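# Understanding the architecture of this molecule
This is what each chain is made of:
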Amino acid sequence: MAETAVKQIPFHWEGTDKRGNRVKGRTVAASETAVRSELRRQGVLATKIRKQRAAMGEGKVTPADIAIFSRQLATMMQAGVPLVQAFEIIGSGHEKPAMQKLVLSVKASVEGGTSLAESLAKHPLYFDDLFVNLVEAGEQAGALETLLDKIANYKEKTEAIKKKIKKALFYPAAVLVVAIVVTAVLLIFVIPQFESLFKGFGADLPGFTRMIIDLSLFVRTKGIVLLLIIGAAFWAFFFFKKRSRAMRQALDRMILKLPIIGAILTKAAIARYARTLSTMFSAGVPLVEALESVAGATGNIVYEMAVLRMRDEVSTGQRLFRTMEATELFPNMVIQMIAIGEESGALDQMAAKVADFYEAEVDNAVDALSSLLEPMIMAILGILVGGLVVAMYLPIFKMASVVG
């Protein structure tokens, strides 16, 4: 579905209302004429209208932005703020221009008589099927405030898990990058100075020192070619990963089997599965339809395909916990909790308990991983830099022992 038929442009405007008070704000429209017409309809005489300049930090709308937007909208709706006014407040007050444009575009669509669910569906890059389906269920049931609160809770918990995992991986990645940069600087600029010094010794160099000097020569002469090859390899990897579902499936399956990290990602996928299932089912979405959104929310193709198979089996009358058993991807505890939920008619509550448990498990596992990685990374950094230093001082120690 196309986002909009006509390109919407963000505008700043100033003017006077019916009482003669000065007012100003932001809105999105196809043209300046459309802005004037809309303001006139609202009883505002525009005195100044200008396009909003694209800021350097405009950036992209991130899932974290959508999570914050969901909470803001839920809070305002529960406080009794009309929907259109809530969009105006959120859009006009947002610091990120890209988010302003998105929110005000949805507001313009709602003002035009389109339902909120349909207005959000026009922006599938930012509002997925789960988000749209829950909003639609809320509108039909007359409980939009409650459903928006559930969406906000879901988005916040999902983003919290993502941040935890990213935080655990960021530190070691940053330290490794620093280690590589420091090693490269030593190989390119420092070791050649020692090499010229050693030439005056007139003696054979230790094998370790000779190896480091040869590595330095290789980096200086072939470093750019090597860098280009590595860059091309990374580009090819991400290019084919984005376009090949089979490759993504193989990678996701391999990642789940990795020690420590695989266990964390498995728990995260189960947590997202249970949280999404709980949120959708408690909103009154039929189980078969809910599983479609649950599949896409797991964050792993292996689990996504398994849940889609479960959906097909559930649609033929199979019990959910039986289909989960058949996948061999879910721990026995999860299967038993879901079975109890189905038997007692409290599937949403039991799924929420599973999600709470596994979200806590992810938190604990990530904290443990961070504690484990810190000394390992520092050891790697010490070996890299320390090895180079030792290699350069070995000839000096050897020479000193001969003189002594």
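What you see is a predicted model; the values in this text were computed from it and never measured.

Conventions we followed
- Residues numbered from 1 in each chain as written.
- Predicted model: local features only at pLDDT ≥ 70, side-chain atom pairs only at ≥ 80, totals over all residues.
- Heavy atoms only, no water.
- Helix = DSSP H or I, 4+ residues; strand = E, 2+ residues; numbered from the N terminus.
- Rg over C-alpha atoms; globule rule 2.2 N^0.38 Å.
- Buried < 20%, exposed > 50% of the residue type's maximum accessible area, 1.4 Å probe, protein only.
- Contact = heavy atoms within 4.5 Å.
- Areas by Shrake-Rupley, 256 points an atom, 1.4 Å probe, with all protein chains shown as cover.
- Salt bridge = Lys/Arg side-chain N within 4 Å of Asp/Glu carboxyl O.
- Axes fitted to C-alpha atoms, helices over the stretch in contact; angles between N-to-C directions.
- Parallel < 35°, antiparallel > 145°, perpendicular 65-115°, else oblique.
- Left-handed = near helix turned anticlockwise from the far one by under 90°.
- Nonpolar A, V, L, I, M, F, W, Y, C, P; charged D, E, K, R; others polar.
- Core = buried A, V, L, I, M, F, W, Y, C linked by side-chain atoms within 4.5 Å.

## Quick look at the overall build of the protein chain
Summing up its helical and strand segments, the protein chain has 15 helices and three strands in all. Since a compact globule built from 404 residues should have a radius of gyration of about 22 Å, the 29 Å found for the protein chain marks it as more spread out than a globular shape. For the protein chain, the C-alpha atoms occupy an extent of roughly 95 × 65 × 35 Å along the three principal directions. Out of the 404 residues belonging to the protein chain, those deemed buried represent 40%. Across the protein chain, the fraction of contacts at a sequence separation of at least 24, relative to all contacts at a separation of at least 6, is 63%. Of the roughly 22300 Å² that the protein chain leaves accessible, carbon and sulfur atoms contribute 62%.

## Observations regarding unusual backbone geometry
Phi at Ile-260 takes a positive value of approximately 65 degrees, unusual for a residue other than glycine. Relative to the helices and strands, Ile-260 resides in the loop between helix H9 (245-256) and helix H10 (261-282). Owing to a relative accessible area of 44%, Ile-260 belongs among the partly exposed residues under this scheme. The phi angle at Glu-328 is positive, at roughly 60 degrees, despite the residue not being glycine. With respect to the secondary-structure elements, Glu-328 resides in the loop between helix H13 (320-327) and helix H14 (332-344).

## Quick notes on the environment of Met-247
Residue placement: Met-247 occurs in helix H9. On the accessibility criterion, Met-247 (24% relative accessible area) is partly exposed. In sequence terms Met-247 and Lys-150 are 97 residues apart; their C-alpha atoms lie 34 Å from each other. Non-local contacts of Met-247, meaning those with residues more than four positions away in its chain, are made with Phe-237, Phe-240 and Lys-241.

## Structural notes on the side chain of Arg-275
Residue position: Arg-275 is located in helix H10. Residue contacts for Arg-275: discarding those within four places in its chain leaves Tyr-154, Lys-157, Ala-352, Ala-355, Asp-356 and Glu-359.

## Notes on the pattern of salt bridges
Going through the model one piece at a time under the given rule, you end up with 17 salt bridges. For the salt bridge of Lys-107 with Glu-111, the shortest nitrogen-to-oxygen distance reads 3.8 Å. Taken together, the positions of Lys-107 and Glu-111, both in helix H4 (residues 97-111) and four residues apart, correspond to about one turn of that helix. Residue Lys-107 is classed as buried on the basis of its relative accessible area of 6%. With relative accessibility at 30%, the residue Glu-111 sits in the partly exposed group. Put simply, Arg-311 and Glu-292 hold a salt bridge, and the shortest N to O gap is 2.9 Å.

## Quick word on helix H11 (residues 287-297)
All of the buried residues in H11 are Leu-287, Ala-290, Leu-291, Ser-293, Val-294, Ala-295 and Ala-297. Of the residues one or two after H11, Gly-299 is the one with positive phi, at around 80 degrees.

## Describing the environment of Ala-179
Here Ala-179 lies in helix H7 (residues 144-199). Between the C-alpha atoms of Ala-179 and Pro-286, which are 107 residues apart in sequence, the distance is 52 Å.

## Considering the packing of helix H6 (residues 129-141) against H10
Between H6 and H10, whose axes approach to 10 Å, the crossing angle comes to 25 degrees. Accordingly, the angle class assigned to the pair H6 and H10 is roughly parallel. For the crossing formed where H6 meets H10, the hand is left-handed. Here Leu-130, Asn-133 and Leu-134 of H6 lie close against H10, whose contacting residues are Thr-276, Thr-279 and Met-280. Partitioned by chemical class, the residues of the contact of H6 with H10 number three nonpolar, three polar and no charged.

## Focus: the nonpolar core
Of all hydrophobic cores here, the largest spans 41 residues; its most connected members are Tyr-273, Leu-277, Leu-320, Met-324, Phe-330, Val-334 and Ile-338. Secondary-structure elements contributing two or more residues to this core are H7, H10, H11, helix H12 (301-314), H13, H14 and helix H15 (347-403). With eleven residues, H15 is the largest single contributor of residues to this core. Ignoring sequence-local partners within four residues, the contact set of Phe-330 consists of Ile-270, Tyr-273, Tyr-303, Met-310, Met-324 and Ile-335. Residues Val-103, Phe-131, Ala-283 and Ala-290 belong to the second largest nonpolar core, which totals 37 residues.

## Some points on the packing of H9 against H12
Each pair of packed helices can be summarised by the angle the axes make with each other and by the distance between the axes. Two elements in contact, H9 and H12, have axes separated by 8 Å at closest approach and are oriented at 105 degrees. In terms of their interaxial angle, H9 and H12 are classed as roughly perpendicular. Across the interface between the two elements, Arg-245, Arg-248, Gln-249, Asp-252, Arg-253 and Leu-256 of H9 pack against Ile-301, Val-302, Tyr-303, Glu-304 and Met-305 of H12. The residue makeup of the contact of H9 with H12, split by class, is five nonpolar, one polar and five charged.

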